[in-house]
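Descriptive analysis of the structure
What follows is each chain in one-letter form.
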Amino acid sequence: MKFQKSPGWLDWCSEPSRPVFLLPEGAVDAHCHVFGPADIFPFAAERKYTPCDASKEQLFALRDRLGFSRNVIVQATCHGTDNRALVDACRSSGGRARGVASIRPDISDGELHDLHEAGVRGVRFNFVRRLVDFTPRDELLDIAGRVAGLGWHIVVYFESADLPDLWDFFSGLPTIVVVDHMGRPDVTKNVDGEQFELFVRFMREHENVWSKVSCPDRLSASGPPAVAGEARPYRDVVPFARRIVETFPDRVLWGTDWPHPNVRDHMPDDGVLVDFIAQIAPTRALQRKLLVDNPARLYWRE
Ligand code: 0GY
């Protein structure tokens, strides 16, 4: 089947700069995706966007170029609950990729078992309205109960304005809960202001809640560096991400977000994103937790 990319779609950067920042041994890119290739793994009918292809081979080449050891591949909404591309990537990684799937409430125990065996260790609940249709909360709770039994966790993606409404639902989840991109704060607001303080309180009051401190490119209003190598790219995101890393060092993850679906104004250079890590996790000890120890505990514990 032939697919036409969504209007204005930006393709991922094929020649990212080589990071200056030296990743610690065993570093994990804990948020990335594969798209298709669409002629092998077609996009889902219910998708809200149609991307370019971004294959497992291309993802693994990026991993090696940037200096990561392993990946956590998150099911993208353009594939709906058809996890075949994700599973294929995990299975071909030689144990170097784990997955976070999206699943239907009527999935069988056998299918769940197969996902686990392929390397899936979590499911994603998405509340971002431009990406998915609404799923009833009781269906999500059923899924949560079933995956809790497998020792999986739940990844949640939402906009910061929706946290008050989602607070009670999230509080009732029976697993570790990993929040994508710090709950998408508005970084033009004060880091000590009401909105971000609510998110910090949410993490403080729920010891099972973790956060990805990823996607400065999505959150930034100050934008990317004019040239790769500039000292302070995405500087307006730094106080937010650093606050989370320093306050909850054992509950943070980091990922490139390659191939960066739906970015509008610029396609980030993945090498620049890696260099950004030094600004938000300023010591080797924090970097090791963020990039090695925390993802290993969540995804490679047997
Ligand atoms: C991200 C962000 C986005 C998209 C998806 O699954 C997806 O389609 O996650 C987005 O558009 O903000 O984390 O990749």
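Check the entry above for the structure.
Residues numbered from 1 in each chain as written. Predicted model: local features only at pLDDT ≥ 70, side-chain atom pairs only at ≥ 80, totals over all residues. Heavy atoms only, no water.

A few words now on the sheet that holds strand 5 (residues 153-157). An order of 1-2-3-4-5-6-7-8 is seen for the eight strands of this open sheet, with the pairing classed as parallel. Only two strands of the sheet have a single neighbouring strand rather than two, namely strand 1 (28-32) and strand 8 (252-253). Pairing of strand 3 (residues 97-101) with strand 4 (residues 120-126), which is carried by three bridges, proceeds in the parallel orientation. Bridging across to strand 4, Gly99 finds its partner in Val120. (Pairing = 2+ DSSP bridges. Helix = DSSP H or I, 4+ residues; strand = E, 2+ residues; numbered from the N terminus.)

Among the 16 residues in the neighbourhood of the ligand, the closest are listed as His33, Tyr49, Thr77, Tyr157 and His181. Between the ligand and the protein, one listed contact pairs an oxygen atom with a side-chain N or O atom of His31 at 2.8 Å. Here an oxygen atom of the ligand sits 2.6 Å away from a polar atom, N or O, in the side chain of His33. Residues of the shell around the ligand, tallied by class, amount to five nonpolar, six polar and five charged. (Near = heavy atom within 4 Å. Polar contact = N/O pair within 3.5 Å; in protein donor to acceptor, adjacent residues only side chain to side chain. Nonpolar A, V, L, I, M, F, W, Y, C, P; charged D, E, K, R; others polar.)

Looking along the chain, the bond that leaves Gly36 and enters Pro37 is cis, with omega of 5 degrees. Going from Trp258 to Pro259, the amide bond is cis rather than trans, its omega being 0 degrees. Here the phi dihedral of Arg184 falls at roughly 50 degrees; this positive angle occurs in a residue that is not glycine. The phi dihedral of Tyr234 is positive, around 50 degrees, even though this residue is not glycine. Within the secondary structure layout, Tyr234 lies in the loop between helix 7 (216-219) and helix 8 (238-247).

With that out of the way, let us pick up the nonpolar core. Counting 91 residues, the largest nonpolar core has Phe125, Phe170, Met182, Val213, Ile244, Trp254 and Leu291 as its most contacted members. If you tally residues by element for this core, the top one is helix 9 (residues 270-280), at six residues. With near-sequence residues (within four places) excluded, Leu291 lies in contact with Phe21, Leu23, Pro24, Gly26, Ala27, Val28, Phe68, Trp254 and Ile277. Counting residues in hydrophobic clusters, the runner-up holds twelve residues, among them Val28, Val100, Trp210 and Leu298. (Core = buried A, V, L, I, M, F, W, Y, C linked by side-chain atoms within 4.5 Å. Buried < 20%, exposed > 50% of the residue type's maximum accessible area, 1.4 Å probe, protein only. Contact = heavy atoms within 4.5 Å.)

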